[in-house]
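Residue-level listing of the chains:
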Amino acid sequence: MQRFQDKVIVVTGGASGMGAAACRLFAAEGGKVVVADIDGDLALKVAKEIGGRAFRIDVAKEAEIRDLVAFAIEGTGRLDVLFNNAAVGHSATGRYKMASIVDTPEDAWEGIVAINMKGVAFGCKHAIPVMVAQGGGAIVNNASIQAIKGILGADAYTCAKGGVVSLTRSLAVDWGAKNIRVNCICPGPIATPMIQALLDDPATGPGMYADVPMARVGQPEEVARVAVFLASNDASYVNGAIVPVDGGMSVR
Ligand SMILES: NC(=O)c1ccc[n+]([C@@H]2O[C@H](COP(=O)([O-])OP(=O)(O)OC[C@H]3O[C@@H](n4cnc5c(N)ncnc54)[C@H](O)[C@@H]3O)[C@@H](O)[C@H]2O)c1
């Protein structure tokens, strides 16, 4: 099935985890994929593997998002799909401390919110005018189970992801009439570099999925398939949906 033949697709955070899995699926279905990531070398590696293009970006910076959109539309003038997926979280290499608000330094708050929420908002800001001009498009935002269920010890992350869920709803209302669908996924614990250190630690590993009725973590492809569905015409009447991909964790 070639649901994305000749469609131009941007995946932020496309170098790793769910983003890389989505890049592979979009490309396998004919998409012209831009792998956008702050890790330029890894983005290039994924882009080479799938026959796409790489773009190094810090999504916290609006000027770089503007440049990313200009790069994506080069040659075609089109941007059909934006998967706003980049974020920082619990990874051992993460720049910011994940903590309760009482232990969150101001720089961590500002950094996490700038990447995880503003990055999504400004991605939409620069993609939407292109989508309006071409007659439509699809945006998929990657939030988290933490936006819909109380989870300890990562309050800046939780606030930012809650903002992504709310923004998804308002943009879906704002732009639906222009044939732009905006949807959001909320993954549960997924085996990616973001949480791999926590999963590998016997003190924290099993606790990561203790509340998951399916009693396991998810794989990045299991999330990417839902993101790709929401971006595709198979989801042509799905707009403003907040979709948990969490083995049932949100309903426990
Ligand atoms: N892994 C989980 O358990 C989990 C659960 C819920 C939600 N999520 C969300 O899923 C999304 C994908 O995360 P993942 O688990 O695949 O993690 P990951 O760490 O494997 O991938 C995240 C990617 O984002 C990139 N990135 C980080 N900061 C960036 C920036 N400022 N600009 C551009 N790129 C940047 C990283 O370099 C990396 O390639 C994120 O939005 C994350 O918050 C993850």
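As a reminder, the structure under discussion sits directly above these lines.
In this text, all values refer to a predicted model and were calculated from it rather than measured experimentally.

(A) Representation of the layout of surface pockets within the structure. Each pocket or cavity is described by its volume, and for the second largest pocket that value is around 250 Å³. Forming the walls of the second largest pocket are 17 residues, and the residues nearest its centre are Lys-7, Gly-136, Gly-137, Ala-138 and Asn-233. The class makeup of the residues in the lining of the second largest pocket is four nonpolar, eight polar and five charged.

(B) Spatial organisation of the nonpolar core. Core analysis: the biggest nonpolar cluster contains 36 residues, and Leu-79, Ile-112 and Ile-139 have the highest contact counts within it. Those elements giving two or more residues to this core turn out to be strand E1 (8-12), strand E2 (32-37), helix H3 (62-73), helix H4 (106-134), helix H5 (155-175) and strand E6 (180-187). It is H4 that contributes the most residues to this core, nine residues altogether. Ignoring anything within four residues of it in the chain, the contact list for Ile-112 reads Val-88, Tyr-96, Lys-97, Met-98, Met-117, Ala-156, Tyr-157 and Ala-160. Grouped together as the second largest cluster of nonpolar side chains are 29 residues, Met-18, Ala-22, Phe-26 and Ala-43 included.

(C) Representation of the pattern of salt bridges in the model. By the definition in use, this model includes eight salt bridges. A salt bridge links Arg-3 to Asp-234; the shortest N-O distance between them is 2.9 Å. Placement of Arg-3 in the segment before E1 and of Asp-234 in the loop between helix H7 (220-231) and strand E7 (242-245) is noted, with a sequence separation of 231 residues between them. In this structure, the salt-bridge partner of Arg-66 is Glu-62, at a minimum N-O distance of 3.9 Å. Here Glu-62 and Arg-66 lie together in helix H3, a separation of four residues that amounts to about one turn. Sharing partners across several salt bridges, the network here consists of Arg-3, Glu-29 and Asp-234.

(D) Layout of the pairing of E2. Along E2, five of the six residues are buried, which leaves the element largely enclosed by surrounding structure. Pairing geometry for E1 and E2, over five bridges, is parallel. Its bridge partner being in E2, Val-10 is matched across the sheet by Val-34. Since E1 and E2 lie parallel, the crossover through helix H1 (residues 17-28) that links them has a hand, and here it is right-handed. In the sheet, E2 pairs with strand E3 (residues 53-56) via four bridges, with the strands oriented parallel. If you follow Asp-37 over to E3, its bridge partner there is Arg-56. Running through helix H2 (residues 40-50), the crossover from E2 to the neighbouring parallel element E3 is right-handed.

Rules used throughout
Residues numbered from 1 in each chain as written. Predicted model: local features only at pLDDT ≥ 70, side-chain atom pairs only at ≥ 80, totals over all residues. Heavy atoms only, no water. 1 Å grid on protein atoms, 1.4 Å probe; cavity = no way out; pocket = protein on both sides within 12 Å on 5 of 7 lines; lining within 4 Å. Points joined across faces, edges and corners; volume = space filled by probe spheres on them. Nonpolar A, V, L, I, M, F, W, Y, C, P; charged D, E, K, R; others polar. Core = buried A, V, L, I, M, F, W, Y, C linked by side-chain atoms within 4.5 Å. Buried < 20%, exposed > 50% of the residue type's maximum accessible area, 1.4 Å probe, protein only. Helix = DSSP H or I, 4+ residues; strand = E, 2+ residues; numbered from the N terminus. Contact = heavy atoms within 4.5 Å. Salt bridge = Lys/Arg side-chain N within 4 Å of Asp/Glu carboxyl O. Pairing = 2+ DSSP bridges. Right-handed = clockwise from strand over helix to strand, strands pointing away.

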